[in-house]
Amino acid sequence: MSTTWIAAGQYTDIRYEKSAGADAGIAKITIDRPEVRNAFRPLTIVEIGQALQDAREDTEVGAIVLTGEGPEAFCSGGDQRVRGDSGYLSEPLAGEAEPLAGEAEPLAGEAEPLAGEADEEMKSPPTRAGVGRFHVTDLHIQIRRLPKPVVAMVAGYAIGGGHVLHLVCDLTVAAENARFGQVGPRVGSFDGGFGAGLLANQVGPKKAKEIWFLCRQYSAAQALEMGLVNTVVPLERLEEETVQWCREMLALSPFSLRLLKASFNAAEDGLSGVQQLAHDANLLFYMSEEAQEGRDAYRQKRTPDFSRFPRRP
Ligand code: 2NE
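Residues numbered from 1 in each chain as written. Predicted model: local features only at pLDDT ≥ 70, side-chain atom pairs only at ≥ 80, totals over all residues. Heavy atoms only, no water.

Describing the site of the ligand
Selection criterion: Whether a residue is near a molecule or strand is decided by its heavy atoms; if any one of them lies within 4 Å of it, the residue is near. Here a polar contact is taken to be a pair of N or O atoms separated by no more than 3.5 Å, where protein atoms must pair a possible hydrogen donor with a possible acceptor and residues adjacent in sequence count only if both atoms sit in side chains. Only Asp, Glu, Lys and Arg are considered charged in this grouping, and only Ala, Val, Leu, Ile, Met, Phe, Trp, Tyr, Cys and Pro are considered nonpolar; every other residue, Gly among them, is considered polar.
The full set close to the ligand counts 21 residues, and Ser76, Gly78, Gln80, Gly161 and Ser189 are the nearest of them. At 3.3 Å, a backbone N or O of glutamate 35 approaches an oxygen atom of the ligand. Separating a nitrogen atom of the ligand from a backbone N or O atom of glutamine 80 is a distance of 2.9 Å. Per-class residue counts for the shell around the ligand are 10 nonpolar, 8 polar and 3 charged.

What to know about a nonpolar patch on the surface
Applicable threshold: Note that patches include only residues with greater than 30% relative accessible area and no salt bridge, and the join distances are 9 Å for like charges and 5 Å for nonpolar side chains (Val, Leu, Ile, Met, Phe, Trp, Tyr). All accessibility values rest on the Shrake-Rupley procedure with a 1.4 Å probe; residue burial counts only the protein chains present in the view. A pair is scored as a salt bridge if a Lys or Arg side-chain nitrogen falls within 4 Å of a carboxyl oxygen belonging to Asp or Glu. Under the DSSP-based scheme used, a helix requires at least four consecutive residues in state H or I and a strand at least two consecutive residues in state E, with every element numbered from the N terminus.
Judged by side-chain polarity, Leu283, Leu284 and Met287 come together as a nonpolar surface patch covering roughly 260 Å² of accessible area. Mapped onto the elements of the fold, methionine 287 is located in the loop between helix H11 (270-286) and helix H12 (289-299).

Side note on the pattern of salt bridges
The criterion, for reference: Working definition: with a 1.4 Å probe on protein chains only, accessible area under 20% of the residue-type maximum means buried, over 50% means exposed, and in between means partly exposed.
Inspection of every chain in the model, using the stated rule, returns 22 salt bridges. The salt bridge partner of aspartate 170 is lysine 261, with a shortest N-O separation of 2.8 Å. Here lysine 261 lies in helix H10 (residues 254-268) and aspartate 170 lies in the loop between helix H4 (161-168) and strand S8 (171-175), a separation of 91 residues in the sequence. Judged by its relative accessible area of 9%, lysine 261 falls in the buried class. Of the charged contacts in the structure, one is a salt bridge between lysine 207 and glutamate 210, with a shortest N-O distance of 3.2 Å. Of this pair, lysine 207 and glutamate 210 both sit in helix H7 (residues 205-214), separated by 3 residues, roughly a single helical turn.

A word on the pairing of strand S2 (residues 14-20)
In plain terms, the rule: At least two DSSP bridges between two strands are required for those strands to pair.
Counting buried positions along S2 gives 5 out of 7 residues, so the element sits mostly inside the fold. Bridge analysis of strand S1 (residues 4-7) against S2 gives 4 bridges, and the strand direction is antiparallel. Its bridge partner being in S2, threonine 4 is matched across the sheet by alanine 20. Hairpin geometry of S1 and S2 is characterised by an intervening segment of 6 residues between the two adjacent antiparallel strands and by a positive phi of about 160 degrees at glycine 9. Two elements, S2 and strand S3 (residues 26-31), share 5 bridges in a ladder whose sense is antiparallel. Bridging from a neighbouring strand, isoleucine 14 pairs with isoleucine 31 of S3.

A short note on the side chain of arginine 258
We count it as follows: Whether two residues are in contact is decided by their heavy atoms: any pair within 4.5 Å suffices.
Inspection of the secondary structure puts arginine 258 in helix H10. Here aspartate 280 takes part through its side chain, which lies 2.9 Å from a polar atom of the side chain of arginine 258. Not counting the four nearest positions on each side in its chain, arginine 258 is found in contact with Pro147, Gln276, Asp280 and Leu283.

Considering the sheet that holds strand S11 (residues 231-233)
Quick note on the threshold: Where helices are involved, their axes are fitted lines through C-alpha atoms of the stretch in contact, as for all axes, and angles between N-to-C directions lie from 0 to 180°.
Spatial strand order, S1-S2-S3-S4-S6-S8-S11: 7 strands in an open sheet with mixed pairing. Two strands lie at the open edges of the sheet, namely S1 and S11, each paired on one side alone. For this sheet, the mean angle separating the axes of adjacent strands, direction not counted, is 25 degrees. One ladder, built from 3 bridges, connects S8 with S11; its direction is parallel. Bridged to valine 173 within S11 is threonine 231.

Some words on the nonpolar core
Generally speaking, a soluble globular protein has its nonpolar side chains buried in company with each other. Operational definition: Remark: nonpolar core denotes a set of buried residues (Ala, Val, Leu, Ile, Met, Phe, Trp, Tyr, Cys) joined through side-chain atoms within 4.5 Å.
Residues Ile29, Ile64, Leu165, Phe180 and Leu228 are the most contacted members of the largest nonpolar core, which totals 46 residues. With sequence-adjacent residues up to four places away left out, isoleucine 29 is seen in contact with Ile14, Arg15, Tyr16, Ile48, Ala51, Leu52, Ile64, Val65, Leu66 and Thr67. Core analysis: the second largest hydrophobic core is formed by 16 residues, Ala63, Leu171, Val243 and Met249 among them.

Below, the structure is given as structure tokens:
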């Protein structure tokens, strides 16, 4: 039985939907740029970030799926057409100056903002056209910090920065036609952050260096063999299987999953990972009578009485 998805917002580069009925509780973000194999430009990343923030805040959502439109690609990484001399360039906002000399020109047919596009961009702090940067850096952190499982649903190519996106997701469900690889050294780029570190942790340092140093592509079967993905299914069953994995997680304790995600990430993310785990522990502690005694005493301007709370061995 296929899942019913309800649109959860208006975007330009992505579709953002939530499941309904028996499958309720899943948010799905689809990169909708199949004409460029779902490559991301700055606006794409800004919109994914906005959708993720909504999914985080929505207490009905317990699992998030990140995917690409169509069977050809999950994501092919940064859109090389808007790669300037110092990073990836945003499209000009209405009335804004053209990109700086030497930076990428506006794309044919895209010089004018689409109807509503300027408004969409203004929802977040404006990103200046002509000022190159890596928006995707913040997206990686956002996915890692998001206290709900994020599942990459991969059909076709997960290449370059698109491959790193699936790496930073918690789980990956792949179709049989999925192909994985890094291309940075071929196009003059690299991701030495999560792109190198998580890959080494997932497949081992030798294999990770092979993937980055040779820029080969790997089949879904090879990816499964090396522990890069969780499962591989026929393309026509990709969404059904992904939803099933989400449903299984939705039946489990949300806070256990939250703490597990923070725990898995803590070592890899250093002090910021410990901070997430520690603040999750504090969130739990706030729910205890012991912590509430401290709060109440402060409010009532009295000395706190912690004597009824055991000093646990
Ligand atoms: C993904 C791949 C292997 C697919 O190959 P194929 O043969 O299925 O498709 P084709 O014909 O190459 O692509 C179809 C159309 O999509 C565009 C192509 O230029 C082509 O356009 P037209 O010729 O039809 O007009 N397209 C595909 N990927 C694109 C991209 N990333 N940017 C702009 N246009 C793209 C094959 O397409 C491929 O290898 N793509 C390039 C992959 C790539 O170089 N990605 C960037 C890596 S760097 C990165 O992502 C990054 C980073 O390292 C650090 C920070 C941020 C980002």
